[in-house]
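If you want the building blocks of each chain, they are given just below.
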Amino acid sequence: MNAIYAENLVKKYGKNVAVNGLDLAVKEGELFSLLGVNGAGKSTTIKMLSALIRPDGGTAEIFGKDVVKNTAEVKAAMNVSPQESAVAANLTVWENLTFIAQIYGFSKAQAKGKAEKAVEWFSLEEVAGKRAKTLSGGYARRLSIAMALVSEPKLLFLDEPTLGLDVISRSALWKIIQGLKGKITVLLTTHYMEEAEALSDRIGIMVKGRMAATGTRDELVSAASAKDFTEAFINISNGDFSAKKAAF
Ligand SMILES: Nc1ncnc2c1ncn2[C@@H]1O[C@H](COP(=O)(O)OP(=O)(O)O)[C@@H](O)[C@H]1O
Ligand SMILES: [Mg+2]
């Protein structure tokens, strides 16, 4: 079954076509990385797929449910850790976790259990009593992802989860993301090539609002006649290869 299926998806902001006929299929259980230079349309795509904004054209389904017609089912099946943090700055880590669990309908006692589990899973013990606004980038991002997982989504969108993090924090987050592999479907965006290579089952490269190529890391390198994945990304982003060759 497809966790995500999008066909000819379009989003316009005035004259600016942010997403311009995007096709995408991600299978249940896959970890899919969406790459593309700034402005390629990655975040806009995630916002449409998570029913946050309405497409201007095309269709998208999450586990077979239409993002426009079946918004409630779509929202119940997935969650997002957005590029702009969704954490309440003045609440502590513990309060953020219990608060979000109660928003999802868990009782006080259940919310406490959820928060305990999240603190352990994401190694947040040290910072549990700290206000979110005082957290380092790595901890803030871990909290954001932990909060997104409280609703037990089958599909998680991670928009640039490791942006600006130091090597240690990034590696800690990679372990967490790797731990999700096979359990739930993950779509992440990143600017770090080595991150996409290390984590992904498949990779899609967006260019100017369209999916220019999708495939495994090796398939993309070969289709772009590149020596490594960075070169493949550059060739594909520059339109310097035949898109048909990489349409796996
Ligand atoms: N809320 C918005 N209003 C107007 N333009 C937007 C808005 N969000 C995104 N855009 C534009 O849409 C294009 C795609 O943006 P975005 O999806 O954020 O790209 P990415 O995440 O790949 O960097 C860019 O040209 C951006 O300026
Ligand atoms: Mg973005």
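Residues numbered from 1 in each chain as written. Chains lettered and ligands numbered in written order. Predicted model: local features only at pLDDT ≥ 70, side-chain atom pairs only at ≥ 80, totals over all residues. Heavy atoms only, no water.

> Can you tell me about the environment of I236, naming the residues and giving the values?
Within the fold, I236 resides in helix α9 (residues 229-237). Spatially, the C-alpha atom of I236 lies 17 Å from that of V19, the residues being 217 residues apart in sequence. (Helix = DSSP H or I, 4+ residues; strand = E, 2+ residues; numbered from the N terminus.)

> Provide a residue-level description of the nonpolar core, including the pertinent values.
Within the largest apolar cluster, 35 residues are counted, with the highest numbers of intra-cluster contacts made by L97, L124, L143 and L156. Per element, the largest residue contribution to this core is 7 residues, and it comes from helix α5 (residues 137-149). Non-local contacts of L156, meaning those with residues more than four positions away in its chain, are made with N79, V80, S81, I145, A148, L149, L180, I184, T185, V186 and L187. One finds V26, A51, V67 and M206 within the second-largest nonpolar core, a separate group that totals 27 residues. (Core = buried A, V, L, I, M, F, W, Y, C linked by side-chain atoms within 4.5 Å. Buried < 20%, exposed > 50% of the residue type's maximum accessible area, 1.4 Å probe, protein only. Contact = heavy atoms within 4.5 Å.)

> Please give an account of the packing of aromatic side chains that cites residues and values.
Scanning all chains against the criterion turns up 1 aromatic pair. Aromatic pair W121 and F122: ring centres 5.1 Å apart, planes at 50°, arrangement tilted. On the basis of relative accessible area, F122 is assigned to the buried category, the value being 1%. We note K154 situated over the ring of F63; from NZ or CZ to the ring centre the distance is 4.1 Å. For R170, the ring lying beneath its charged end belongs to Y192, and the centroid distance is 3.7 Å. (Phe/Tyr/Trp six-rings, centres within 6.5 Å; stacked < 30°, edge-to-face > 60°. Lys NZ or Arg CZ within 6 Å of the ring centre and 35° of its normal.)

> Can you lay out the sheet that holds strand β2 (residues 16-27) for me, pointing to particular residues and giving the numbers?
Judged by pairing direction, the sheet is antiparallel, and its 4 strands sit side by side in the order β2-β1-β4-β5 without closing on themselves. Edge positions in the sheet fall to β2 and β5 (65-66), since each has one partner strand and no second. Bridge count for strand β1 (residues 2-13) against β2 is 9 bridges, and the pairing is antiparallel. Within β2, the position partnered with K12 by the bridge is V17. (Pairing = 2+ DSSP bridges.)

> For the environment of L97, give the residues involved together with the corresponding values.
Relative to the elements of secondary structure, L97 occurs in helix α3 (residues 93-103). When the C-alpha atoms of L97 and D66 are compared, they prove to be 29 Å apart, with 31 residues separating the residues in sequence. Setting aside its immediate chain neighbours within four residues, L97 contacts A115, A118, V119, L124, L143, A146, M147 and V150.

> Before we move on, could you go through the site of ligand 1 and cite the residues and values that matter?
What surrounds ligand 1 is the set Y13, N16, A18, V37, N38, G39, A40, G41, K42, S43 and T44. In the environment of ligand 1, an oxygen atom lies 2.8 Å from a nitrogen or oxygen atom belonging to the backbone of G39. Contact distances for ligand 1 include 2.8 Å between an oxygen atom and a side-chain N or O atom of K42. Relative to its unbound accessible surface of 550 Å², ligand 1 loses 62% to contact with the protein. Listed by contribution, the elements that provide at least two residues to the shell around ligand 1 are β2 and α1 (42-49). A per-element tally of the shell around ligand 1 places α1 first, with 3 residues. By residue class, the composition of the shell around ligand 1 is 4 nonpolar, 6 polar and 1 charged. (Near = heavy atom within 4 Å. Polar contact = N/O pair within 3.5 Å; in protein donor to acceptor, adjacent residues only side chain to side chain. Areas by Shrake-Rupley, 256 points an atom, 1.4 Å probe, with all protein chains shown as cover. Nonpolar A, V, L, I, M, F, W, Y, C, P; charged D, E, K, R; others polar.)

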